[in-house]
Amino acid sequence: MKILLVEDDQSLREIYSIRLTAEGYTIVAAGDGEEALAVAVREKPDLILSDVMMPKISGFDMLDILRSTPETKDVRVIMMTALSSEDQRQRGEALGADRYLVKSQVGIEDVVNAVHEVLNDLATGGGNPAADNSTDAAGNPVSNFGTGAPATVGVAPVNPTVPPMAPVAPEPTPASAPLPPTEFGTPTASI
C-alpha cells in the first residue's frame, strides 16, 4: 500500500518514512501542501499522513482541496499537528480527516497503529508483512517478509527416526568461598 507523507520537517519526514517502510508500505513524500496536492493526484496513495502547519498551503487547506477534487476525494487522511485545541480537531474532522493526531500526545508507534487502523490492514496483513497469517501445505505459519523465498517459522517437525536425547545433568558448581567480613559485619549468605 502506498502512503503520501506530507511533512515540512525533513527529520520527521525521514523518521516516519523509515518506520513506515519497515511496516511494508511504499512511501512517497512531500514537503508542503502544494507539493502534496500534485503528488496525490499523480501517485494515487492509499493514505495521506499530513502535518497541519506547513508553508505554502496548510494541511487544513490541502485537505479541503483533496476532498473537493474527484481524483482524491476518497483517499484516507490522517492529520498530525502540534495544535491540541478542540476547535482544531473539530475543523480537521469537519474537513474529512479520518484521524487527527496531536504530535505531543503520540509516539511513532501510535502513528503506525493509526495507519494500520485507518487502512484496516491489521487483520489482513495488507501493509505489514510480519502480520501475514499465511500457512504452508503442512499448516505451518509462513512469513513472506523480505525479498527471498517464504521462510517457515515455528516449531520444526519431530523426526521419528532419531531417538530422543537423554537429559543431561547440570554440572556441579564449585562451592563459593566465604566472603570476607565487611565494616557492616559478617555476611550471612553468599550469592
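Residues numbered from 1 in each chain as written. Predicted model: local features only at pLDDT ≥ 70, side-chain atom pairs only at ≥ 80, totals over all residues. Heavy atoms only, no water.

Remarks on the pairing of strand β1 (residues 2–6)
Phase 1 of the analysis: A large share of β1 lies buried, amounting to four of its five residues.
Phase 2 of the analysis: Pairing between β1 and strand β2 (residues 26–30): five bridges, direction parallel. What sits directly across from V6, in β2, is A30.
Phase 3 of the analysis: Since β1 and β2 lie parallel, the crossover through helix α1 (residues 10–22) that links them has a hand, and here it is right-handed. (Buried < 20%, exposed > 50% of the residue type's maximum accessible area, 1.4 Å probe, protein only. Helix = DSSP H or I, 4+ residues; strand = E, 2+ residues; numbered from the N terminus. Pairing = 2+ DSSP bridges. Right-handed = clockwise from strand over helix to strand, strands pointing away.)

A look at the pattern of salt bridges
Phase 1 of the analysis: This structure, assessed with the given rule, holds 12 salt bridges.
Phase 2 of the analysis: Measuring nitrogen to oxygen at the nearest pair gives 2.7 Å for the salt bridge that ties E109 to R19. Pair noted here: E109 is in helix α5 (residues 108–119) and R19 is in helix α1, with a separation of 90 residues, a long-range link.
Phase 3 of the analysis: A salt bridge links K56 to E34; the shortest N-O distance between them is 3.8 Å. Remark: E34 occurs in helix α2 (residues 33–43) and K56 occurs in the loop between β3 (47–51) and α3 (59–67); sequence separation between them is 22 residues.
Phase 4 of the analysis: A cluster of three or more residues bridged by salt bridges with shared partners is formed by K2, R42 and E43. (Salt bridge = Lys/Arg side-chain N within 4 Å of Asp/Glu carboxyl O.)

Digging into the environment of R67
Phase 1 of the analysis: Relative to the helices and strands, R67 is located in helix α3.
Phase 2 of the analysis: Once residues within four sequence positions are removed from consideration, R67 is found in contact with T72, K73, D74, V75, R76, V77, L95, G96 and D98.
Phase 3 of the analysis: At a separation of 3.0 Å, a polar atom in the side chain of R67 contacts the main-chain carbonyl oxygen of K73. (Contact = heavy atoms within 4.5 Å. Polar contact = N/O pair within 3.5 Å; in protein donor to acceptor, adjacent residues only side chain to side chain.)

A word on the packing of α1 against α5
Phase 1 of the analysis: Packing of α1 against α5 leaves a shortest axis separation of 11 Å and a crossing angle of 55°. Our classification of the angle between α1 and α5 gives oblique. In this structure, α1 crosses over α5, and the sense of that crossing is right-handed. Between α1, through I15, Y16, R19 and L20, and α5, the contact on the second element is made entirely by I108, E109, V111, V112 and V115.
Phase 2 of the analysis: Looking at the contact of α1 with α5, its residues break down into seven nonpolar, no polar and two charged. (Axes fitted to C-alpha atoms, helices over the stretch in contact; angles between N-to-C directions. Parallel < 35°, antiparallel > 145°, perpendicular 65-115°, else oblique. Left-handed = near helix turned anticlockwise from the far one by under 90°. Nonpolar A, V, L, I, M, F, W, Y, C, P; charged D, E, K, R; others polar.)

Description of the nonpolar core
Phase 1 of the analysis: With 23 residues, the main nonpolar core has L4, V6, I48, M62, L66, V77 and M79 as its most contacted residues.
Phase 2 of the analysis: Looking at this core, the elements that each hand over two or more residues are β1, β2, α2, α3, β4 (76–81) and β5 (99–102).
Phase 3 of the analysis: Contact partners of L4, with chain neighbours within four places excluded, come to V28, A29, A30, A36, V39, A40, P45, L47, I48 and L49.
Phase 4 of the analysis: Formed by 16 residues, the second largest nonpolar core is a distinct cluster that contains Y16, L49, V112 and V118. (Core = buried A, V, L, I, M, F, W, Y, C linked by side-chain atoms within 4.5 Å.)

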